[in-house]
Amino acid sequence: MRLDKFGVGWLLALFFAVGLVSCASPTVLPSDVTPAPLIAVTHTAAESTPTLTLFTPTPEVTESPSLPIQLLAYTIDAVYDAGQKKVEVTQLIQFTNPSTQPLSEIMLVTEPNRFANGFNLNRLENQITGEALDWELQRNLLQVTLKEPLSFQEPIAILAEYVLQLPPIPPPSDTSKPQIYGYTQRQTNLVDWYLWLPPYDDETGWIVHPPSFFGEYTVYPLADFEVRFEVINSPREVVVAASTSPVQQSQNRWEYRFDSARNFAISISPYFLIEEAQVDGVKISHYYFPLYRRQGEVVLQHTVRAYQLYSQLFGELPRQSISAVQADFLDGMEFDGLFFLSKGFYDLYDGTDKGYLTLITVHETAHQWWYGVVANDQARHPWLDEALCTYAERLYYERFFPELMDWWWFYRVNFYQPQGVIDLPVYDYGGYLAYRDAVYLRGALFLEELRKALGDEQFFDGLKRYYGENSGKIATPIDFFNAFEMSKAEIEKVTQSFFAAMP
Ligand SMILES: [Zn+2]
């Protein structure tokens, strides 16, 4: 199928074929789904049996952090049993008190616990004192209570042992968000799979948000990762894609170091083929399934070119590798150093760059700058990374396919006649389409307006400054506008038809 003269039938076919996409693209999610009550588990070191209580999350949104967390480091030893679909994990979490006040409650994000029997904690202790820790598990949060509060800048090392039972990735559905974490017949994905420490704000506390029905809600402080990963009980040799290249590798064991990163994702398959390129000392890899050789080269080529363009336009990327991974689910999603591309885009690839395979490859590549290096609170300010990554598609087409610029604006943005203000929290849009239209599509229109108002030189200088000043940080809309050195009146003028409130 080709998209000659913007064929609407093709667009509709694409809608149904690619299903629900949360990072980068189309389709509908119900906005009126009410969350089911959740099971919470409480455990004190003195008790032998956990007690069960019911817990319903309240979608409250807290402020962004003012203080970076110092010395956050994860050391993870994980053994994946490919037959049982289980991961046994021993993890050390080291950090200093991120608050200027004594701190007696520590939150650890535990996403695998959102799945039935998905997370079983066997041991939790303060490695420095050797004492068992009291904990309470509520959906995706493990709350640890310290008997003695951590004093200002005091370090702690939490040792955890747990078992993950991976969930199957369900087939595409019109009523639920595509699931990335878990396994299919040909792929296993570990994303947000370990315990991780959220950012902390002195005024509002831990920055954790309830899961959203569309879009993202996680906020990651920088951390150093040391990961040892082993695969056992696999009838076939597997290929492992990860957020960075291994420093050591044997047949079924991989060892990684990933410093100053947001997260660590892994995708495993016995079927992956790999296309690789070295660009300026950075290894760019594309992991894809057999029968997609043509797409295998195309995705690699666009990732390489996008990497080169964005390095020039935004700034140098402090990473040693980027991995693009064909997803065995209908979604595109970014993680630090690794992104997934929906298999639907591969199936619909028609040999031209007028389609989602190219669009979303360069969109996801841009997330390495806007999400990875410069992070944002994805629940409170989703436009900060998504508008920039959608606009990065425009910049890519402008540079490499100027003849397709009109096509891009029509196909990607104007066809949908997008409405809505761009600066709301992810929870405040009535459904996925309203969210996408406002945050992604009008987000790109807003950046185009900003560019017109400032002129190219000031606009691109501002983007570079925003990147440079906020590298490694969790940026806010105020940081964004500060980088463009605009007066209050100028900001008001350019934001008035796009924002609900002045940033
Ligand atoms: Zn995105």
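Residues numbered from 1 in each chain as written. Predicted model: local features only at pLDDT ≥ 70, side-chain atom pairs only at ≥ 80, totals over all residues.

### Observations concerning the overall build of the protein chain
- For the protein chain, the count of helices and strands is ten helices and 25 strands.
- Looking at the protein chain as a whole, 46% of its 503 residues qualify as buried.
- Contacts in the protein chain between residues far apart in sequence, at least 24 positions, make up 68% of those at least 6 positions apart. (Helix = DSSP H or I, 4+ residues; strand = E, 2+ residues; numbered from the N terminus. Buried ≥ 20, exposed ≤ 12 C-beta atoms within 10 Å, placed from the backbone. Contact = placed C-beta atoms within 7 Å.)

### Focus on the nonpolar core
- A366, W369, A387 and A392 are the most contacted members of the largest nonpolar core, which has 136 residues in total.
- For this core, the element with the highest residue contribution is helix α7 (residues 432–454), accounting for eleven residues.
- Once residues lying within four places of it in the same chain are set aside, the contact partners of A387 are I422, V439, Y440, G443, A444, F446 and L447. (Core = buried A, V, L, I, M, F, W, Y, C linked by C-beta atoms within 7 Å.)

### Some words on the pairing of strand β18 (residues 266–269)
- Residues I266 and I268 of β18 are buried on one face, and the alternating residues S267 and S269, pointing to the opposite face, are buried as well.
- Two elements, strand β11 (residues 188–190) and β18, share three bridges in a ladder whose sense is antiparallel. Across the sheet, the residue bridging to T188 is I268, located in β18.
- Alignment of strand β15 (residues 239–242) against β18, held across four bridges, turns out to be antiparallel. (Pairing = 2+ DSSP bridges.)

### Quick word on the environment of A501
- Its place among the elements puts A501 in the segment after α10 (488–495).
- In this structure the C-alpha to C-alpha distance between A501 and L424, which are 77 residues apart in sequence, comes to 9.2 Å.

### Some remarks on the sheet that holds β11
- A sheet is described by the order of its strands in space; here four strands give the open sequence β10-β11-β18-β15, paired in antiparallel fashion. In the strand order of this sheet, the two ends are held by β10 (182–183) and β15, each with one partner.

### What about the sheet that holds strand β21 (residues 321–327)?
- Taken in spatial order, the five strands make up an open sheet running β19-β20-β21-β23-β22, and their pairing is mixed. Only two strands of the sheet have a single partner each, and these edge strands are β19 (273–279) and β22 (333–335). Pairwise comparison of adjacent strand axes, ignoring direction, gives a mean angle of 15° for this sheet.
- Across seven bridges, β19 lies against strand β20 (residues 282–288) in antiparallel orientation. (Axes fitted to C-alpha atoms, helices over the stretch in contact; angles between N-to-C directions.)

### Focus: helix α8 (residues 456–470)
- In a regular helix each residue adds 1.5 Å, so 15 residues correspond to 21 Å; α8 covers 21 Å between its end C-alpha atoms and thus fits that length.
- Burial in α8 covers these residues: G462, L463, Y466, Y467 and N470. One side of α8 carries all its buried residues, which in axial view fall inside an arc of 130°.
- Looking at the packing, one finds that the buried side of α8 touches α2 (293–313), α7, β25 (474–475) and α9 (477–483). (Expected span 1.5 Å × (residues − 1). Arc of directions from axis to C-beta.)

### Some remarks on the packing of α2 against helix α5 (residues 382–400)
- Following both chains from N to C, one finds α2 and α5 inclined at 105°, their axes separated by 11 Å at the closest point. Relative to α5, the element α2 is oriented roughly perpendicular. In this structure, α2 contributes R305, A306, L309, Y310 and L313 to the contact, and α5 contributes A392, L395, Y396, R399 and F400.
- For the contact of α2 with α5, the class distribution of residues is eight nonpolar, no polar and two charged. (Parallel < 35°, antiparallel > 145°, perpendicular 65-115°, else oblique. Nonpolar A, V, L, I, M, F, W, Y, C, P; charged D, E, K, R; others polar.)

### As for the environment of M405
- Along the chain, M405 falls in helix α6 (residues 405–413).
- Between the C-alpha atoms of M405 and L395, which are ten residues apart in sequence, the distance is 9.4 Å.
- In this structure M405 touches Y397 and E398, once residues within four positions along its chain are discounted.

### Here we look at the confidence of the model for the protein chain
- Summarising the model, the protein chain shows a mean pLDDT of 89, and 86% of its residues fall at 70 or more.
- Ignoring residues within four places in sequence, the model shows residues 1–21, a span with pLDDT below 50, making 41 contacts including any to other chains.
- Ignoring residues within four places in sequence, the model shows residues 25–40, a span with pLDDT below 50, making 40 contacts including any to other chains. (pLDDT = per-residue confidence, 0-100.)

### With respect to the packing of α5 against α6
- Packing of α5 against α6 brings their axes to within 9 Å, and their N-to-C directions diverge by 155°. The angle between the axes of α5 and α6 places the two elements in the roughly antiparallel class. Crossing of α5 against α6: the hand is right-handed. Only M405, W408 and R412 of α6 make contact with α5, whose side of the interface consists of E393, R394, Y397 and E398. (Left-handed = near helix turned anticlockwise from the far one by under 90°.)

### Remarks on unusual backbone geometry
- Phi at Q153 is positive, roughly 65°, even though this residue is not glycine.
- Inspection of the secondary structure assignment puts Q153 in the loop between β8 (141–150) and β9 (155–165).
- On the basis of neighbour count, Q153 is assigned to the exposed category, with 12 C-beta atoms found within 10 Å.

### Focus on α10
- For α10, the complete set of buried residues consists of I491, V494 and T495. The buried residues of α10 occupy an angular sector of 90° when the element is viewed end-on, so they sit on one face.
- Its buried side turned inward, α10 meets α7 and α9.

### Observations regarding the environment of Q249
- Along the chain, Q249 falls in strand β16 (residues 248–250).
- Of the residues examined, Q249 has 13 C-beta atoms within 10 Å and is grouped as partly exposed.
- Expressed as a C-alpha distance, the spacing of Q249 and F229, which sit 20 residues apart in the sequence, is 9.6 Å.

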